Amino acid sequence: MEMLETSTQTDQIDSEITGDHGVKPDESGSNATRVQLCNHTTGKIYADQLHTRQTKAGITAKTPSTAKPSIKNSACLASVMRPPIPGYLTAETGKRSKEEILAQATDFLQQYYESIKQYDTEEHNTRLHEVCDSICLTGTYELTSDELVFGAKTAWRNAPRCIGRIQWNNLEVFDCRHVTSAKQMFEAICKYLEYATNGGNIRSAITIFRQRVHGKGDFRVWNSQLIRYAGYLQPDGSVIGDPANVEFTQICEELGWSGEGGRFDVLPMLLQADGRKPEWFEIPPELILEVDIAHPKYDWFASLGLKWYGVPCVSDMQIDVGGIQFTATPFNGWYMGTEVGARNFGDTNRYNMLETVAKHMGLDTSSSLTLWKDLALIETNIAVLYSYKEAKVTIIDHHAAAESFMQHMDKEQRLRGGCPADWVWIVPPVSGSLCPVYHQEMLSYQMKPAFLYQVAAWKTQSDKKRKRLTTVKVVATAIRYLTRIMMKILANRSTLTILYATETGKSERFAHRIGDVFKTGFNVKVTCMEDYNTADLLNESFLLVVTSTFGNGEAPTNGEMFARDIKRLVKEKKTANQSNSNDLCSLSLNIRCIVLLFRYSVFGLGSTAYPEHFCKFAGTVDTMLNEVGGKRLTDVYKGDELGGQEEAFQEWARDVFKTACDIFPIHRGVNRKAILTMLGSDTSKMHKSYRIKPVTRQKEPDPLVQLGKIHKKKVFPCKMKDRKQLQSATSSRSTILITLDTQGRKDLSYQPGDHVAVFPTNDKELVHKIVSRLELEYTPDTVLQLEMQTDGQQVWTKVKRMPPCTIQEAFTRYLDITSPPTPDAMRMLAAYTASSDEREQIMLLGKGQSDYKTWINTCHPNIGDVLISFPSIRVPGWFLLDHLPLLKPRRYSISSCPKVNPNEIHITVAVVKYWTTASMESYHKGVCSTWLEELDIGAVVPAYIKPAPSFYLPSDIKKPVILIGNGTGIAPFRSFWQRRELEATCSNPPKFGKMTLVFGCRHPDIDDIYAEERSGAEKSGALLKVMKAYSRLHGKPKKYVQDVIKENPKLIFKHIYEEQGHVYVCGNNLMAADVRKTLVQILGSKGKMTSQEAQDYITNMRESGRYHEDLFGVVNRLSEPKSNTNRGATSTASSLWFMMKELQFWMLYASR
Ligand SMILES: Cc1cc2nc3c(=O)[nH]c(=O)nc-3n(C[C@H](O)[C@H](O)[C@H](O)COP(=O)(O)OP(=O)(O)OC[C@H]3O[C@@H](n4cnc5c(N)ncnc54)[C@H](O)[C@@H]3O)c2cc1C
Ligand SMILES: NC(=O)c1ccc[n+]([C@@H]2O[C@H](COP(=O)([O-])OP(=O)(O)OC[C@H]3O[C@@H](n4cnc5c(N)ncnc54)[C@H](OP(=O)(O)O)[C@@H]3O)[C@@H](O)[C@H]2O)c1
Ligand SMILES: Cc1cc2nc3c(=O)[nH]c(=O)nc-3n(C[C@H](O)[C@H](O)[C@H](O)COP(=O)(O)O)c2cc1C
């Protein structure tokens, strides 16, 4: 049951918008009072004075006996969030006199001893004397544990606004009055949360910290509820997350916390002990039980991405027991569904989801007569109840809650002769008159012990602290009002949605850059494809797409779902066209939406290192958007990361803007010329200033949590368990089999075919080299927050890509310091280069033309190399913090079968170490593979599983399977044969189709990895046959896997054509492309197909899930270590050779 949540939620908004309100003296100076009445949706306030002139006939019973103001007997205050009568629902703030405490203590002890049937016994009288003495001597007293438990339970029993009080006697009380510090508070609350959560079977509980002591500061939990979602105020006034928590989020940020910027980021706990400055604590994720919201009938509901937490734990109220005030008392019941469905998701000043839901339901939202809001509200509430039930998290529906309250009231009438109840609050926000409580008259009054609202903790801080925090509030309020005005202006503009999909972050940056410029003329929304609902195309008029290409011409991971959805829409539309359905209403919602035209344009990022698939996914999106009904504004523009990407982007942006201006109504005040000039320049550094601010951190952050936040993934700790060299002792290279211990974590379970993503850290030496070259205002171990200001605006906003961290941490864990700088980055660096010669050279490279390409291909320079090569660069710390890409996790194809190796993940890693052909620092090491090669056994490896269902073994196990891989490309196949071996040796082995492996390496004595295991698998029958291709046998021509395939056309044709088998290819892209070509040739010759037919056949195999590829990317082949002495070290001879190369390189540049 929900305990008072509604009141505290709205109460927070109350304080945000209106500040303190309630009874205020009349401005005329008379004794009349005015009551401020707040509209919590609009923020508008009415100040009622008329009540002072009323006739005295209408007396309400809603008053405590102690309340003084005249209003007490003259107006109903039920809907006022905090009635302006201290002691009545709202806590008193002043010091209590001894007499007052004694009176309340006496009354309380009477209640207590009556409850244990010891009223007026010796025990009762002794205790009364003891308490009396203590109050006289010290001004206060302490409750016994039993009294405290009784007091807390009775406070709940007396809470007039709570519908779930039937449970009052089952409240578990955690007596934490011994706690003295914020850290101990945190630990106590964690234990309490774990108890209350109880794996979803929620238990009502309360934790009580030290009571108020005169002359000492209070204990307070600053959060309104322990678990709440952050609300991030955006420069345009909109809020990402929960608008109810904007002020609190800003306070957390002021104190050094930094969230991910998402819709459902759990805020930290802000805990104050003894009136000291609050300390913040991240709630351990395992204590946050959340429920993803889906609908029993509407599949699309899940795609709205809604979720809510399981335990509603109000944490800013006070309990007043026997004259003693407990100011920190987090407590919980469980949710009544409407609190989440109607209030949290439905309220317009909260997540405001009703219109979105209604549109998905296909409701007519043009008129309130259709009751679309009501229908959407009910379905949202159904979804909430259904999801909590499915997740086995306790929840109650409003009908059942109302019924239980009626029973409670009935029982209380019998036991106590009454039950204080506030009708306004008890009647649920949905279907009021359907619930029995609606028809029940109630009387609201205050009994003690009581739960009472308190003034927000930050308002009670000392003047200096308060001033700072109030400023946050004032600014927030001002922005909110300005926002409303701005929103009206913005509403008249055209809306532009910019979608991006990215694997390494570049497309996202480009998307934001174009968004920044278009903001002047359009309402801009920049969204990742994975967060976009394709049904929203219905609402689009102008769409821009920025996307890279991965795999083999495929979507980056966060574009996969979008690609699938659009593909489905195209198919649906084609089917609809075939059935000649011109009637809009007969089409599904999805199709209807795309019959309405929208304008769009696509920019692709890619690399000509993938000539066959250069920016292919961008092309695919462009075609599909056109097929679903979109109208192209421009052709697809493609930016090659090997050169000219920036120029291509600028050209595209200008072209799109010019065309868009002709089509869309652009605001008259917009200076088109200025925008075009802006688009013709480097928009990445446009308009922005940066600063670094030192901040304090409560505790050393957990790097896994931080990585998770940065990469928006849940990251888990594996342990390095074992490492084994797979290449022979004579090999100059290193391929290692790594065993990771998952320590039984369910989140790290996987299937053969899946990948594991590993987060490495950078090489210490390289970090040192870079950090020592930075212009730093602070020492590298100062915790810093990067902030950004857009020109013309006063506000500094936090750059959220990284949490506050030290420069050392940023360069070690979070930033990619080894990828060669892009042409854009070079141009930006030129601005920080003192020497004009060097600047000229850098600008030349920044053009991204042939000089840049040669430089990248021959030197593969990292940022450290650049700083060394151009010694006059003076780069400020913030520059690299914001401009270096993030250090990405590396994926590895898992080489083990989990059933054979429980709690283990095996990976086969080729250790990347190479010499560049002309180099400044010459010897390069792959970040992750080298880190894994050098990491101590037992060390933590941050990781997560990336499922790859398209690479699983066929569900029809009888189908023949051909596995093709070279070098480390054998990795996933080991998991396949391990699984088949296990199944083959069980008592009743299934009948598998044949599994043939084609494997390529250099030489049988050097890198024929897993040779023994493979022959074991052959013997067991798991592998029917292994066909090998050796590329470096002395005196023999090079043989690759595709050559072996070519030599066996009959067998291959039989497998893939006649027996409809599956093909799995793993390794680098070039090999994969050659394999495909070879198979096309075989299909052509054996199946008598034209080249096109054979290619279509492979395409069909892929689409029907018979052709599977697991590709590692393009292999750049520069020099590798010459001998095994080079495993991990550089030789003097090689160094000399490279010094000569370096000299040549610089002579080349000097001659320009
Ligand atoms: C889906 C998928 C699955 C994968 N599975 C595996 C696997 O099972 N086993 C495995 O070992 N790897 C696998 N990889 C590759 C792996 O993710 C890493 O890319 C690899 O380990 C290199 O990472 P690194 O951090 O050590 O090197 P990085 O620091 O990322 O350096 C690699 C970069 O160095 C450059 N480079 C590499 N060699 C040379 C050279 N000789 N000359 C010049 N430049 C060079 C290239 O630009 C290359 O991109 C997989 C990749 C993908 C996408
Ligand atoms: N494994 C290591 O110790 C090591 C060390 C340093 C760097 N690396 C890098 O790691 C990546 C993968 O290494 P790896 O060990 O998995 O593979 P690899 O040893 O580089 O290659 C495996 C086999 O595939 C062959 N091959 C090369 N190009 C091919 C193509 N287009 N089609 C078909 N076969 C082809 C190779 O022949 P040829 O090589 O004879 O042409 C070799 O026989 C590469 O980037 C490599 O540069 C690996
Ligand atoms: C494993 C891998 C596969 C790739 N495949 C392609 C491809 O098929 N076509 C292409 O044009 N670029 C390909 N690329 C290059 C990326 O698209 C390019 O690096 C792009 O700039 C990345 O942009 P992003 O940061 O937005 O993801 C590939 C890169 C990698 C690492």
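Quick look at the structure, then. (Residues numbered from 1 in each chain as written. Chains lettered and ligands numbered in written order. Predicted model: local features only at pLDDT ≥ 70, side-chain atom pairs only at ≥ 80, totals over all residues. Heavy atoms only, no water.)

1. Things to note about the packing of aromatic side chains
Inspection of the entire model under this criterion finds 47 aromatic pairs. A ring pair is formed by Tyr832 and Phe879, whose centres lie 5.2 Å apart and whose planes are at 65°; its orientation type is edge-to-face. Note that Tyr832 is positioned in the loop between helix 22 (823-830) and helix 23 (836-846) and Phe879 in helix 26 (residues 877-883), a separation of 47 residues in sequence. Classification of Tyr832 by relative accessible area gives partly exposed; the value is 23%. Of note, Arg203 hangs over the ring of Tyr195, and the distance from its end group to the ring centre comes to 3.9 Å. (Phe/Tyr/Trp six-rings, centres within 6.5 Å; stacked < 30°, edge-to-face > 60°. Helix = DSSP H or I, 4+ residues; strand = E, 2+ residues; numbered from the N terminus. Buried < 20%, exposed > 50% of the residue type's maximum accessible area, 1.4 Å probe, protein only. Lys NZ or Arg CZ within 6 Å of the ring centre and 35° of its normal.)

2. What to know about the sheet that holds strand 13 (residues 313-314)
As summarised here, the arrangement of the four strands in space is 4-5-16-13, forming an open sheet in which the pairing is mixed. For this open sheet the edge positions go to strand 4 (172-175) and strand 13, each flanked by a neighbour on one side alone. Its contacts with the sheet place helix 4 (residues 145-157) against strand 4 and strand 5 (205-208), and it is angled at close to 135° to strand 4. Strands strand 4, strand 5, strand 13 and strand 16 (331-332) of the sheet are contacted by helix 5 (residues 182-197), whose axis makes an angle of about 170° with strand 5. (Pairing = 2+ DSSP bridges. Contact = heavy atoms within 4.5 Å. Axes fitted to C-alpha atoms, helices over the stretch in contact; angles between N-to-C directions.)

3. Side note on the pattern of salt bridges
Side-chain pairs of opposite charge can arise where the charged atoms are in close proximity. Scanning all chains against the criterion turns up 47 salt bridges. Here Glu290 makes a salt bridge to Lys307, at a shortest N to O gap of 3.3 Å. Here the residue Glu290 occupies a position in strand 11 (residues 290-292), and Lys307 occupies one in strand 12 (residues 307-309), the gap between them amounting to 17 residues. For Glu290, a relative accessible area of 27% translates into the label partly exposed. Judged by relative accessible area, which is 22%, Lys307 ranks as partly exposed. With a closest N to O distance of 3.1 Å, Lys359 and Glu355 form a salt bridge. Here Glu355 and Lys359 lie together in helix 8 (residues 354-361), a separation of four residues that amounts to about one turn. Looking at Lys359, the relative accessible area reads 31%, which means it is partly exposed. Of the residues examined, Glu355 reaches a relative accessible area of 39% and is grouped as partly exposed. (Salt bridge = Lys/Arg side-chain N within 4 Å of Asp/Glu carboxyl O.)

4. A few points about the site of ligand 2
Near ligand 2 you find 23 residues, and of these Arg733, Thr968, Ser1031, Arg1032 and Tyr1040 are the closest. Taking Asn966, its side chain carries an N or O atom lying 2.9 Å from an oxygen atom of ligand 2. Within the side chain of Lys1038, a nitrogen or oxygen atom sits 2.7 Å from an oxygen atom of ligand 2. Burial of ligand 2 by the protein chains amounts to 88% of its free accessible area of 850 Å². For the shell around ligand 2, the secondary-structure elements that each account for two or more residues are strand 40 (995-1001) and helix 32 (1069-1087). (Near = heavy atom within 4 Å. Polar contact = N/O pair within 3.5 Å; in protein donor to acceptor, adjacent residues only side chain to side chain. Areas by Shrake-Rupley, 256 points an atom, 1.4 Å probe, with all protein chains shown as cover.)

5. A short note on helix 33 (residues 1091-1103)
Between the first and last C-alpha of helix 33 there are 18 Å, a value that for 13 residues agrees with the 18 Å anticipated at 1.5 Å per step. Those residues of helix 33 not exposed but buried are Ala1094, Tyr1097, Ile1098 and Met1101. Buried residues along helix 33 cover an arc of 95° about the axis, so they all sit on one side. For helix 33, the elements touching its buried residues are helix 31 (1049-1058), strand 42 (1062-1067), helix 32 and strand 43 (1107-1111). (Expected span 1.5 Å × (residues − 1). Arc of directions from axis to C-beta.)

6. Let's talk about the pairing of strand 29 (residues 755-758)
Neither face of strand 29 is open: one carries His755 and Ala757, the other Val756 and Val758, and all of them are buried. Pairing geometry for strand 29 and strand 34 (residues 890-893), over four bridges, is antiparallel. Among the inter-strand pairings, Val756 is bridged to a residue of strand 34, identified as Tyr892. One ladder, built from four bridges, connects strand 29 with strand 38 (residues 940-946); its direction is antiparallel. Its bridge partner being in strand 38, His755 is matched across the sheet by Lys946.

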